[in-house]
Amino acid sequence: MAGVRQLAAAEHDRADVLYDTLVGDDRFGFWLTTASPIGRVSLLGIGSPDGDTGEPWTGRSSLCGDAEHRFSGGWIGWYGYEREASAWLRVSRYVSVDHATGAVWAHAPEDEIAAWVLEVQRALHTPSPAAHWPTATVRREARARHTPDEYATMIASALESIRSGDAYQLCLTTRFTVDGPVDPRAVHAEMREADAPYTALIRVGERALVASSPEQFLQLTASGALSTSPIKGTRPRGRDAKTDAELATELEHDAKERAENLMIVDLMRNDLSRVCERGSVEVARLFDVESHAHVHQLVSQVTGRLASGRTAEDVVASAFPAGSMTGAPKERAMQLLSALEGSPRGAYSGCFGWIGDDGAMELAMTIRGVVIDADEAYVGAGGGLTIDSRADFEISEVAVKARAPLAALGAEVPAAWNRETSR
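The sections below set out a description of the structure shown in this document. (Residues numbered from 1 in each chain as written. Predicted model: local features only at pLDDT ≥ 70, side-chain atom pairs only at ≥ 80, totals over all residues. Heavy atoms only, no water.)

## Regarding the overall build of the protein
- If you tally the helices and strands in the protein, you get 9 helices and 23 strands.
- For the protein, the proportion of its 423 residues judged to be buried stands at 56%.
- Looking at the protein as shown, the accessible area adds up to about 17100 Å², and 50% of this sits on carbon and sulfur atoms. (Helix = DSSP H or I, 4+ residues; strand = E, 2+ residues; numbered from the N terminus. Buried < 20%, exposed > 50% of the residue type's maximum accessible area, 1.4 Å probe, protein only. Areas by Shrake-Rupley, 256 points an atom, 1.4 Å probe, with all protein chains shown as cover.)

Rendered as structure tokens:
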């Protein structure tokens, strides 16, 4: 049985101190933050790889009657686009922090909760460090997997596949790599500044994922309410209020972006219909413009109710990888993209988050992320293609999406890619 204790609210947000004190440089530490209409909550702690970290299902219970949507123990980690790139931690002892109120909860097995509360209380009274993790300064240029000319050739091939009827939408991607050791904590400190709905620092051995994502992949409550919020369509933020508003309006009414978004909505409706009650799948939002620190995005939402006998595992099996990162039809799109891109995507364009022992889950798309290994780090970026896509626009969009995570690494988009991308 799990134990939960609420501690007295801190005078101010102590998540940084709690992480540095309770987790530090542990090779299996995590800091996962989710924002919702009711607030922003972080989960902090140390997990266990517990054998095969690629399949977070062992020991899972089926759905229960609790309608609350919160993590109550289970798994935290990520699915890579290729499943062998996945990594998960088994989590039973952790801290949750409400960033608006400063409230802190200690979570642990019942026989460990008293000792864990004392440890968390000591951490709460640790003085804040005099200097906090400074943001990185741009000092180096990333290496590109493809040149812009090579990417333009890939776009031309993808468009030919669309014209010939092999697919009607393809999400083409590439990668930018930064050499040298990187401190995941420093990268996370900078990427948190964007206040994205989902942020993460998850370490699993020698690998770390640092992510700042605007896109929900799957949310499932313990009582079976299911939703997905695909993003298709991007514009950079403008240099001033006038141009910023113009870019948002341009995105909202762009026929190509709306068509691309609608294709993914239809694909996700199909994915969810395979695991939901008949007639329960609905489009709750269509073509909403959401504005984030660096980009405007076109967002829709599909909802449904999980069918009796179905589980979170079934939902992931039906919907992964997300259609917003493949295209449609999904299986054929993945085959075409593998041939075009020529190399694995890794963690990029997969998903990250938590899967609870009660059957609930919250997974976000890994689309604004950094994957850190011992001697290098990489950032993935890409965009959706339809029959009327333009290569120059798509190349600029890739640079827009890669710029912020590369800056968190102290790196710039390669000069050849670094074209004018905002107004």
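Moving on from the model shown.
## Observations regarding a nonpolar patch on the surface
- A surface patch of nonpolar side chains, amounting to about 210 Å² of accessible area, comprises Leu262, Val283 and Leu286.
- Among the secondary structure elements, Leu286 is positioned in strand S16 (residues 282–291). (Patch = residues over 30% accessible without salt bridge, like charges linked within 9 Å, V, L, I, M, F, W, Y side chains within 5 Å. Salt bridge = Lys/Arg side-chain N within 4 Å of Asp/Glu carboxyl O.)

## Observations regarding the packing of helix H3 (residues 148–163) against helix H8 (residues 330–341)
- Two numbers describe how H3 lies on H8: the axes approach to 10 Å, and their chain directions differ by 155 degrees. For the element pair H3 / H8, the angle class is roughly antiparallel. As H3 runs across H8, the sense of the crossing is right-handed. Residue-level inspection shows Met154, Ser157, Ala158 and Ser161 of H3 in contact with H8, the latter providing Leu336, Leu340 and Glu341. (Axes fitted to C-alpha atoms, helices over the stretch in contact; angles between N-to-C directions. Parallel < 35°, antiparallel > 145°, perpendicular 65-115°, else oblique. Left-handed = near helix turned anticlockwise from the far one by under 90°. Contact = heavy atoms within 4.5 Å.)

## Remarks on the environment of Met334
- Its location among the elements puts Met334 in helix H8.
- Taking the C-alpha atoms as reference points, Met334 and Leu170, separated by 164 residues in sequence, lie 8.4 Å from one another.
- Setting aside its immediate chain neighbours within four residues, Met334 contacts Tyr81, Pro321 and Thr326.

## What about the pairing of strand S21 (residues 369–372)?
- Residues Gly369 and Val371 point to one face of S21 and Val370 and Ile372 to the other, with burial holding for every one of them.
- Relative to S21, strand S12 (residues 207–213) runs antiparallel, the two sharing 4 bridges. Note that in S21 the partner of Val210 across the bridge is Val370.
- Relative to strand S22 (residues 376–385), S21 is paired through 2 bridges, and the arrangement is antiparallel. For Val371, the partnering residue across the bridge sits in S22 and is Tyr378.
- Once S21 ends, the chain turns through 3 residues before running back antiparallel as S22. (Pairing = 2+ DSSP bridges.)

## As for helix H1 (residues 15–22)
- With respect to burial, H1 is a largely interior element, 6 of its 8 residues being buried.
- Of the residues making up H1, those classed as buried are Ala15, Asp16, Val17, Leu18, Tyr19 and Leu22.
- With its phi angle positive at about 60 degrees, Gly24 sits one or two positions after the end of H1.

## Topic: the packing of aromatic side chains
- Inspection of the entire model under this criterion finds 8 aromatic pairs.
- Each ring, one from Tyr79 and one from Phe320, has its centre 5.5 Å from the other, and the planes form 45 degrees; the classification is tilted. Residue Tyr79 is located in strand S4 (residues 74–79), and its partner Phe320 is located in the loop between helix H7 (312–319) and strand S18 (327–328); the two are separated by 241 residues in the primary sequence. Neither residue differs from the other here; Tyr79 and Phe320 are each classed as buried.
- The ring of Tyr378 is capped by Arg175, whose NZ or CZ atom sits 3.5 Å from the centre of that ring.
- Over the face of the ring belonging to Tyr81 we find Arg345, whose NZ or CZ atom lies 4.3 Å from the ring centre. (Phe/Tyr/Trp six-rings, centres within 6.5 Å; stacked < 30°, edge-to-face > 60°. Lys NZ or Arg CZ within 6 Å of the ring centre and 35° of its normal.)

## Details of the packing of H3 against helix H9 (residues 391–408)
- At a closest axis distance of 10 Å, the pairing of H3 and H9 adopts a crossing angle of 125 degrees. It follows from the interaxial angle that H3 and H9 lie oblique. Considering the relative orientation of H3 and H9, their crossing is right-handed. Every residue of H9 that contacts H3 at Pro148, Tyr151, Ala152 and Ile155 is listed here: Ala391, Glu394, Ile395 and Val398.
- Considered class by class, the residues forming the contact of H3 with H9 number 7 nonpolar, no polar and 1 charged. (Nonpolar A, V, L, I, M, F, W, Y, C, P; charged D, E, K, R; others polar.)

## So, the nonpolar core
- Counting residues in hydrophobic clusters, the biggest one holds 57 residues, and the most contacted among them are Ile76, Phe217, Leu218, Phe352 and Met361.
- No other element matches helix H6 (residues 255–273), which puts 5 residues into this core.
- In this structure, Leu172, Leu337, Ala402 and Leu409 belong to the second largest nonpolar core, which totals 56 residues. (Core = buried A, V, L, I, M, F, W, Y, C linked by side-chain atoms within 4.5 Å.)

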